[in-house]
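# Topology and contacts: notes
Listed below are the residues making up each chain.
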Amino acid sequence: MNVTGCGQLTPFYFYTPIALALGVAASLERPSVTKIIILLVSGFLSWGLIEYGLHRFVFHYSAKSAVGRKFIYAAHLSHHDNPKSKDDLFASLRLSVPIAAAYWLLAWGILGTWQPAAYLFIGLVAGYFSYEWLHLQAHHGKSRLPVLRYLKKYHLLHHYRTPGLRFGVTSPVFDLTFGTFRSAGDRRSAVKH
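Computed from a predicted structure; not experimentally measured. (Residues numbered from 1 in each chain as written. Predicted model: local features only at pLDDT ≥ 70, side-chain atom pairs only at ≥ 80, totals over all residues. Heavy atoms only, no water.)

### Things to note about the packing of aromatic side chains
For clarity, the cut-off: Ring pairs shown here join Phe, Tyr and Trp side chains whose ring centres sit within 6.5 Å, with only the six-membered ring taken for Trp; geometry is labelled stacked below 30 degrees between planes, edge-to-face above 60, and tilted in between.
Under the defined criterion, the tally for this structure stands at 14 aromatic pairs. Arranged with centres 5.0 Å apart and planes meeting at 90°, the rings of F14 and Y15 form a pair that is edge-to-face. An aromatic cluster of three or more residues is present, and its members are F12, F14, Y15, W47, Y128, F129 and Y131.

### Focus on the nonpolar core
Our working rule: For this analysis, a nonpolar core means a set of buried residues of the types Ala, Val, Leu, Ile, Met, Phe, Trp, Tyr and Cys, connected via side-chain atoms within 4.5 Å. When a residue's accessible area, from a 1.4 Å probe over protein chains only, is under 20% of the maximum for its type it is buried; when over 50% it is exposed; and in between it is partly exposed. To qualify as a helix, a DSSP run of H or I must reach at least 4 residues; to qualify as a strand, a run of E must reach at least 2; elements of each kind are numbered from the N terminus. By the convention used here, residues are in contact when the closest approach between their heavy atoms is within 4.5 Å.
Ranked by size, the top nonpolar core spans 27 residues in total, and within it Y15, L22, W104, Y119, F121, V125 and Y128 carry the most contacts. For this core, the secondary-structure elements that each account for two or more residues are α1 (10-27), α2 (33-58), α4 (93-111) and α5 (114-140). Per element, the largest residue contribution to this core is 11 residues, and it comes from α5. Residues within four places of W104 in sequence aside, it is in contact with L22, W114, A117, A118 and F121.

### Some thoughts on the packing of helix α3 (residues 66-81) against helix α6 (residues 146-160)
Stated precisely, the cut-off is as follows: Helix axes use the C-alpha atoms of the stretch in contact, all axes being lines fitted to C-alpha atoms, and the angles between their N-to-C directions lie in the range 0 to 180 degrees. Should an angle fall under 35 degrees it is called roughly parallel, over 145 degrees roughly antiparallel, and 65 to 115 degrees roughly perpendicular, with every other angle called oblique. Polar here means any residue other than Ala, Val, Leu, Ile, Met, Phe, Trp, Tyr, Cys and Pro, which are nonpolar, and Asp, Glu, Lys and Arg, which are charged; Gly is therefore polar.
At a minimum axis separation of 9 Å, α3 and α6 run at an interaxial angle of 95°. Comparing the axis directions of α3 and α6 gives the class roughly perpendicular. Only H155, H158 and H159 of α6 make contact with α3, whose side of the interface consists of H76, H79 and H80. Its residues placed into classes, the contact of α3 with α6 shows no nonpolar, 6 polar and no charged.

The following block contains the structure:
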């Protein structure tokens, strides 16, 4: 699979050096390997909740103002209008940087120091990269792996049958948790919200 245009890969070029620099700087403190793994996994898993929350409550929000509708359309609904387009597939830095900055500051504030927040952030970035890759696979990939075929079917049903359900792209776990799950075999339409 070929993703054309380096602009689509901008988030990868932007966040990779930040995550690497944070990892190197935080490792100078010599934290325990167990602590690092717990923080990385927690950051990775937190991405799934952020992905679900944004997709359900922000990107499918029925904005009242013209500015709000324009923002939501540019951020996500344009992708629903043309799901095959690679132009609207990846999140822009204008959208992802404020979310990443808020996450970083919140993690630092809760943990009280920047080193563990750095590992959480690196995990978040890994989760975000996984999301972008799985989203690309869902729209343009062909896989022999059953889990990837399932996630593709699950996501495409969100696009073509149930835009008010199935908000998880990397996993249906939060759809199960919050009642927006339907099995990939269940093709009932969602109630419009």
